[in-house]
Amino acid sequence: MMSTPTRLPQKEASRLLLRGAVLDSMRELLTERDWSEVSLTVLAKHAGVSRQTLYNEFGSRQGLAQAYALRLADGFVDAVDDAVAANEGRGVDALMSGFGAFFASSAMDPLVRSLLTGEAKPDLLRLITTDSAVIIDRASTRLSESFQRGWIQASAADAGILARAIARLGLSYISMPPESGASVAEDLGALLGPFIDVARGARGAV
């Protein structure tokens, strides 16, 4: 018998819709202008909400950037999840595909492109360096949970090791994208993919 999905309280559901709409609006703005030109006032007008609403939800411009970065991290996890599901029993192929999809999408993301062009943006750089713990934790927690399910069935310890390595490597390529995302994805798949086989074998031996 299938379980009924947990239904979010209306207030929380409305809040998530608001956050999603604001981040979508921010992405639209970033296709037209540099991050340095996206103030809370400009974004509030574009998103059709008050400036106070943005402050209440995100706290600051840096909080807004962090929320956007967390959504990018979720996209990375989703790419790896989809690749794992599509490559059952093939760890190397799964990670090659997952990293490749992420590199391709992040190269087109307007905030990432803003980070890499124009004037230096220390606030964005901090997000993926000194202040990156929250993003790495989010991605590695979700990946670890995923690796313990499905066909991999890794132990919590092995899933955590693999998830943290993948999250850190994925984030590291944001600030310095590879010249060939495909070749780097192949390298990372070849490097980390065999660990999936080891983790599966170890779980099966328990």
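The name an unreviewed UniProt entry gives the protein chain is TetR family transcriptional regulator, with Rhodococcus globerulus as the organism.

Participant: Got a minute to help me understand the UniProt feature "DNA-binding region" (unreviewed entry) in the protein chain in this structure?
Facilitator: Within this structure's numbering, the places UniProt gives as "DNA-binding region" (unreviewed entry) are residues 39-58. With 80% helix and 0% strand, residues 39-58 has its two end C-alpha atoms placed 13 Å apart.

Participant: Got a minute to help me understand the packing of helix α1 (residues 10-30) against helix α2 (residues 40-47) in this structure?
Facilitator: For any two helices packed against each other, one specifies the inter-axial angle together with the distance between the axes. Taken N-terminus to C-terminus, the directions of α1 and α2 make an angle of 110°; their axes are 9 Å apart at the nearest point. The angle between α1 and α2 places the two elements in the roughly perpendicular class. Of α2, the residues touching α1 (which contributes Val22, Ser25, Met26, Glu28 and Leu29) are Val42, Leu43, His46 and Ala47. When its residues are assigned to classes, the contact of α1 with α2 shows six nonpolar, two polar and one charged.

Participant: What exactly am I supposed to notice about the side chain of Ser132 here?
Facilitator: On the secondary structure map, Ser132 appears in the loop between α7 (122-127) and α8 (133-147). Owing to a relative accessible area of 8%, Ser132 belongs among the buried residues under this scheme.

What counts as what
Residues numbered from 1 in each chain as written. Predicted model: local features only at pLDDT ≥ 70, side-chain atom pairs only at ≥ 80, totals over all residues. Heavy atoms only, no water. UniProt positions renumbered as here; feature names shortened; annotations may be inferred. Helix = DSSP H or I, 4+ residues; strand = E, 2+ residues; numbered from the N terminus. Axes fitted to C-alpha atoms, helices over the stretch in contact; angles between N-to-C directions. Parallel < 35°, antiparallel > 145°, perpendicular 65-115°, else oblique. Contact = heavy atoms within 4.5 Å. Nonpolar A, V, L, I, M, F, W, Y, C, P; charged D, E, K, R; others polar. Buried < 20%, exposed > 50% of the residue type's maximum accessible area, 1.4 Å probe, protein only.

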